[in-house]
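Inside the fold
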Amino acid sequence: VPVALATPALVALGAAALAAGAVALDRRRRARSLAAVVAERDRAATELSRRLGELYSLQELTHVLSSSLRLEHVVGEVARYAMRFLDGAGAAVLLAPEEGAPLRVAAAEGTLAAHRNVTVELDRGGLALEAITRERVELRAAPDPAGVQLFGGVCARSAAAAPLKAHGVTTGAVVVADRATGAFGMEDARLLSTVATHTAVALANARLFDLVRRGKEQWEATFDAISEGMALVDDADAIRRANSAFAGLVGSDVASVVGRHLPQALFGERRALADLLEAARAGGHAPALVRRSDTLRRVLRLAAAPVTRAVDEASVVVVVEDITEQQALEAQLIQSEKMAAVGTLVSGVAHELNNPLTSIAGLSEFLLEQPRDAAPEREHLRVINEQAERAGRIVRDLLTFARKGPVEFQPVDLADIVQRTVQLMSYDLRQQGAAVDVSLAPGLPWVHGDRYQLQQVVLNLLTNAMHAVSTLPGDLPRRVRVAVTRDGPRVSLEVADTGPGLTADVQAQMFSPFFTTKPPGEGTGLGLFVSYGIATAHGGTLTARSQPGDGATLVLSLPAVPSGAPESPTHAAAATSAARGPRRILVVDDDPIVHRVVAALFGRDGHRVDAAVNGADALGLAERERYDLIIADRHAAAGGEPLAAALARLRPELHEQLIISTSDVRRDTDEQTATGGPRTLRKPFDLKELQAAAAAIWGSGASL
Ligand SMILES: Nc1ncnc2c1ncn2[C@@H]1O[C@H](COP(=O)(O)OP(=O)(O)OP(=O)(O)O)[C@@H](O)[C@H]1O
Ligand SMILES: [Mg+2]
């Protein structure tokens, strides 16, 4: 299309040709009338100025089209210019998204403006579709106003339509309707064709741009959707691009992350990651790296890979995964598995020790109560009894500690937990030369919680305090003060030590997972992290304070159980001998030694003690005889159900006469009575406990 190449040079060429025509005219001047000459010149001048106008307008359109890549803008401008160039009353641009699909009126001006955005089915494509299918400009005129079908039932008296074709593909049509002065002519066809060619190229560009932009957006969205942090870094380790996960990880936004030094941003130092990045640049695949970032207080897994084609000058892509929680969970799992294994071993041994200890403690106590033994050996006996009781306490503590089960929230006595834990650690504390001072306020309310988790917290705090004082030079005092106090509606535990105290830096980080100042292998850095979690789960707080050089104080504060709930256990006063008259007692235990101890204890007062080695025998005896007291091992069963249940079925009142002896610590004596189950005695029980329990039963007046 010639006009498509129009430039100012061509305009000059046109002017020159016109001048040449004027010379030829001059030669035949005499043969023609002056009027004709004037008319011809006028016509030529008009034509020239029209062409010039067209050229300028086309130039303007070209400029407008090249200044925008937005599709809507491009088609809008085209419709306006086409209407103006061809002097039409209206114009429209129709686009065909793909072959066979309906046309869409992408832009419409003048009398056609109302049809903007209308969808046109192909069978009603009219002149627009004709231009598209024939791939040429179509002109049409009719005498009546509705003579020419433009598209979608829209009519006009005259119309011109040109296909939009670029790179061999026809993508739509431009239509101009109702020329102001008569029908559209060949000149109009030429002009419209030029406009259409320009438009098609601009549209193709806009489409391509749109495609690229959408592709870019899609990739960016994908990049951002990945939960791992990703960053592209250049040869100087500066970040060229990063996704939102990465920005979130370093606590910033994507825009401000760009340009930062990657190792600096992640680890606060420039030399970090050097090996990883170097290996990636060398094209190798270095194994992923797991490192703790002190700056971010997170544990990160990092992998790097070379970028084969330069992307924003970046040479390496780094993937950063935050594995802090995952690692903490794994470590916790390992720890709890370890604890479970130790627990199984410990509880097995402790169970086995229970009966021998019960007999040593019980029988030595029994002997001590015999008035005839006034010999000097009596003192040895007292030591045996004391030590057996001490061994019994250790066994109980071990069982308490070893137990690992589901978390059970119930009212518990924090003071008791503290006392037991201090006892458990007393050997270690002595080894470290640490003096422990325990102060428990009287009448403390209980707290709602899981005894074993709380014990873990106390253990962690004590261990840390012990470790802190053990680092002191020999001449400095090594003291740990443990205090449980009431603090309004809360109960507070304070563990204070005379160790080196906490620096501001340590204080800021001590509760985060894996933070430890201990040498590798000595501390996991989980103690306080786990304790903090437990405190929070109990609706409590765990805080630290420290005066430089004056040791550290860790405070656990828990909400107290509202008054009305049980207070600290008041151990039943040991009754001396509540028995009036001989009683009948049944002992159910597969270990004859238990029978022997109980028989020795009660036989002294003239009571009669029978023995059954299993639940079935016991049930048989209970059917025939009347007992004032039945002491049964927790595991004794009859007919597939626990002995307690079988006895209750036999005679409901027996429930009142029953004491369950157990090595389990799952349910305490106190909890048991609180829940209305039978009384429980924990093995190894001592004489006083047994007597007190019996007195409580007989004192209640029930007797068969
Ligand atoms: N009483 C204390 N005095 C001084 N520093 C303490 C004290 N308690 C804790 N810290 C500091 O807090 C860090 C974290 O304690 P945390 O109990 O979480 O881990 P850890 O004791 O190092 O290891 P572990 O997992 O074996 O308990 C310790 O390494 C230590 O630096
Ligand atoms: Mg610790």
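Residues numbered from 1 in each chain as written. Chains lettered and ligands numbered in written order. Predicted model: local features only at pLDDT ≥ 70, side-chain atom pairs only at ≥ 80, totals over all residues. Heavy atoms only, no water.

1. Considerations on the overall build of the protein
For clarity, the threshold we go by: Only DSSP runs of H or I reaching four residues or more are called helices, and only runs of E reaching two or more are called strands; each is numbered from the N terminus. Accessibility here uses a 1.4 Å probe with only protein chains present; expressed as a share of the type maximum, an area under 20% marks a residue as buried, one over 50% as exposed, and anything in between as partly exposed. Two residues form a contact once any of their heavy atoms are found within 4.5 Å.
For the protein, the count of helices and strands is 20 helices and 27 strands. Out of the 704 residues in the protein, the part that is buried amounts to 42%. Considering only residue pairs separated by 6 or more positions, the protein has 61% of its internal contacts joining residues 24 or more positions apart.

2. Focus: the pairing of strand 9 (residues 229-233)
Our working definition: Between any two strands, pairing holds if DSSP finds at least two bridges.
Judged by how many residues are buried, strand 9 sits mostly within the fold: five of five residues are covered. Burial of strand 9 is two-sided: the residues G229, A231 and V233 facing one way and the residues M230 and L232 facing the other way are all buried. As paired elements, strand 9 and strand 13 (residues 314-322) share five bridges and run antiparallel to each other. Its bridge partner lying in strand 13, G229 is registered against V320. Where strand 9 meets strand 10 (residues 239-242), three bridges bridge the pair, whose relative direction is antiparallel. Across the sheet, A231 pairs through a bridge with A242, a residue of strand 10. Hairpin remark: strand 9 followed by strand 10, antiparallel, with five residues in the connecting loop; positive phi at D237, about 65 degrees.

3. With respect to the packing of helix 2 (residues 34-67) against helix 3 (residues 71-85)
Two quantities define a packed helix pair, namely the angle between the helix axes and the distance between the axes. Quick reminder of the rule: Note on method: axes are straight lines fitted to C-alpha atoms, helices fitted across the in-contact stretch only, with angles between N-to-C directions ranging 0 to 180 degrees. Roughly parallel means an angle under 35 degrees; roughly antiparallel means over 145; roughly perpendicular covers 65 to 115; every other angle is labelled oblique. Each residue receives one of three labels: charged for Asp, Glu, Lys and Arg, nonpolar for Ala, Val, Leu, Ile, Met, Phe, Trp, Tyr, Cys and Pro, and polar for the others, Gly being one of them.
In the contact formed by helix 2 and helix 3, the axes pass within 10 Å of each other and the chain directions differ by 175 degrees. Considered as vectors, helix 2 and helix 3 are oriented roughly antiparallel to each other. Contacts between helix 2 and helix 3 involve S57, L58, E60, L61, V64 and L65 from the first element and H73, V74, E77, V78, Y81, R84 and F85 from the second. A breakdown of the residues in the contact of helix 2 with helix 3 according to their chemical character gives eight nonpolar, two polar and three charged.

4. Some points on the sheet that holds strand 3 (residues 119-120)
Strand pairing in a sheet is mediated by backbone hydrogen bonds. Such pairs are either parallel or antiparallel. Strand order in the open sheet formed by six strands is 3-2-1-8-7-4, with antiparallel pairing between adjacent strands. Unpaired on one side and paired on the other, strand 3 and strand 4 (138-141) mark the two borders of the sheet. Where strand 1 (residues 88-95) lies against strand 8 (residues 169-179), seven bridges are found, and the strand directions are antiparallel. Bridge pairing links V93 to V174 in strand 8. Contacts between helix 3 and the sheet are confined to strand 1, strand 2 (103-110) and strand 8, with strand 1 contributing the most and set at about 150 degrees to the helix. Together, strand 1, strand 4, strand 7 (158-166) and strand 8 form the strand contacts of helix 5 (residues 186-225), whose direction differs from that of strand 7 by roughly 40 degrees.

5. Some details on unusual backbone geometry
Backbone geometry follows two general trends: most residues other than glycine have a negative phi, and most peptide bonds adopt the trans configuration. The residue D87 is not glycine, and still its phi comes out positive at about 60 degrees. Position of D87 among the secondary structure elements: in the loop between helix 3 and strand 1. Under the relative-accessibility criterion, D87 is labelled partly exposed at 38%. Notably, D178 is not glycine yet its phi reads approximately 55 degrees, a positive angle.

6. Regarding the packing of helix 13 (residues 451-470) against helix 15 (residues 527-537)
Selection criterion: In this scheme, a crossing is called left-handed if the near helix is turned counterclockwise away from the far one by less than a right angle; it is called right-handed if the turn is clockwise.
At a closest axis distance of 9 Å, the pairing of helix 13 and helix 15 adopts a crossing angle of 145 degrees. As for how helix 13 packs across helix 15, the hand of that crossing is left-handed. The residues of helix 15 that touch helix 13, namely those facing Q453, Q456, V457, N460, L461 and N464, are G527, L528, V530, S531 and I534. In terms of residue class, the contact of helix 13 with helix 15 is made up of five nonpolar, six polar and no charged.

7. Description of a nonpolar patch on the surface
Quick reminder of the rule: Residues forming no salt bridge and having over 30% relative accessible area are the ones grouped into patches, like charges within 9 Å of each other and nonpolar side chains (Val, Leu, Ile, Met, Phe, Trp, Tyr) within 5 Å. In these tables, accessible area is a Shrake-Rupley quantity obtained with a 1.4 Å probe, and a residue counts as shielded only by the protein chains included in the view. Salt-bridge detection follows one rule: a side-chain nitrogen of Lys or Arg within 4 Å of a carboxyl oxygen of Asp or Glu.
Together, L208, L211 and V212 line one region of the surface with nonpolar side chains, adding up to about 310 Å² of accessible area. Mapping V212 onto the fold places it in helix 5.

8. Some points on the site of ligand 1
Heads up, the rule is: Proximity criterion: a residue is near a molecule or strand once any of its heavy atoms comes within 4 Å of it. Each polar contact in these results corresponds to two N or O atoms within 3.5 Å; when the atoms are within protein, one needs to be able to donate a hydrogen and the other to accept it, and residues that are neighboring in sequence are counted only if both atoms are side-chain atoms.
If you check the shell around ligand 1, you find 18 residues, and the closest are T516, T517, K518, T524 and L528. T516 is positioned such that a nitrogen or oxygen atom in its side chain is 2.5 Å from an oxygen atom of ligand 1. For ligand 1, whose unbound accessible area comes to 590 Å², protein coverage reaches 88%. Every element with two or more residues in the shell around ligand 1 is listed here: helix 13 and helix 15.

9. What to know about helix 3
Our working definition: Expected span of a helix: the number of residues minus one, times 1.5 Å.
Between its first and last C-alpha, helix 3 extends 21 Å over 15 residues, near the 21 Å set by a 1.5 Å rise per residue. Of all the positions in helix 3, only V74, V75, G76, E77, V78, A79, Y81, A82 and F85 are classed as buried. Along its buried surface, helix 3 packs onto helix 2, strand 1, strand 2, strand 8 and helix 5. Positive backbone phi, at 60 degrees, marks D87, one or two positions downstream of helix 3.

10. Here we look at the sheet that holds strand 15 (residues 435-440)
The strand order 15-17-18-20-19 describes an open sheet built from five strands, whose pairing is mixed. What marks the edges here is a single partner per strand, and that holds for strand 15 and strand 19 (541-546). Sheet twist, expressed as the mean angle between neighbouring strand axes with direction ignored, is 15 degrees. Bridging between strand 17 (residues 479-487) and strand 18 (residues 490-497) involves eight bridges; their strand directions are antiparallel.

11. Details of the packing of aromatic side chains
Our working rule: Side-chain rings of Phe, Tyr and Trp, where Trp is taken by its six-membered ring, are said to pair if the distance between their centres is within 6.5 Å; with planes under 30 degrees apart they count as stacked, over 60 as edge-to-face, and otherwise as tilted.
Enumeration according to the criterion identifies three aromatic pairs in this entry. Ring geometry for Y81 and F85: centres 5.7 Å apart, planes at 70 degrees, overall edge-to-face. In this pair, Y81 and F85 both sit in helix 3, four residues apart, roughly one turn of the helix. In this structure, Y81 and F85 share a single accessibility class: buried. An angle of 70 degrees between the planes, with centres 6.1 Å apart, marks the rings of F602 and W698 as edge-to-face. Residue F602 is located in helix 16 (residues 592-603), and its partner W698 is located in helix 20 (residues 687-699); the two are separated by 96 residues in the primary sequence.

12. Description of the pattern of salt bridges
The full count for this structure, using the stated rule, is 41 salt bridges. Linking E77 and R80 is a salt bridge whose minimum nitrogen-to-oxygen distance equals 2.9 Å. Residue E77 and its partner R80 are both found in helix 3; the two are separated by three residues, about one turn of the helix. Take R80: its relative accessible area is 41%, and that puts it in the partly exposed class. Overlapping salt bridges, with partners in common, bring together E47, R50, R51, E54, E187 and R190 in one network.

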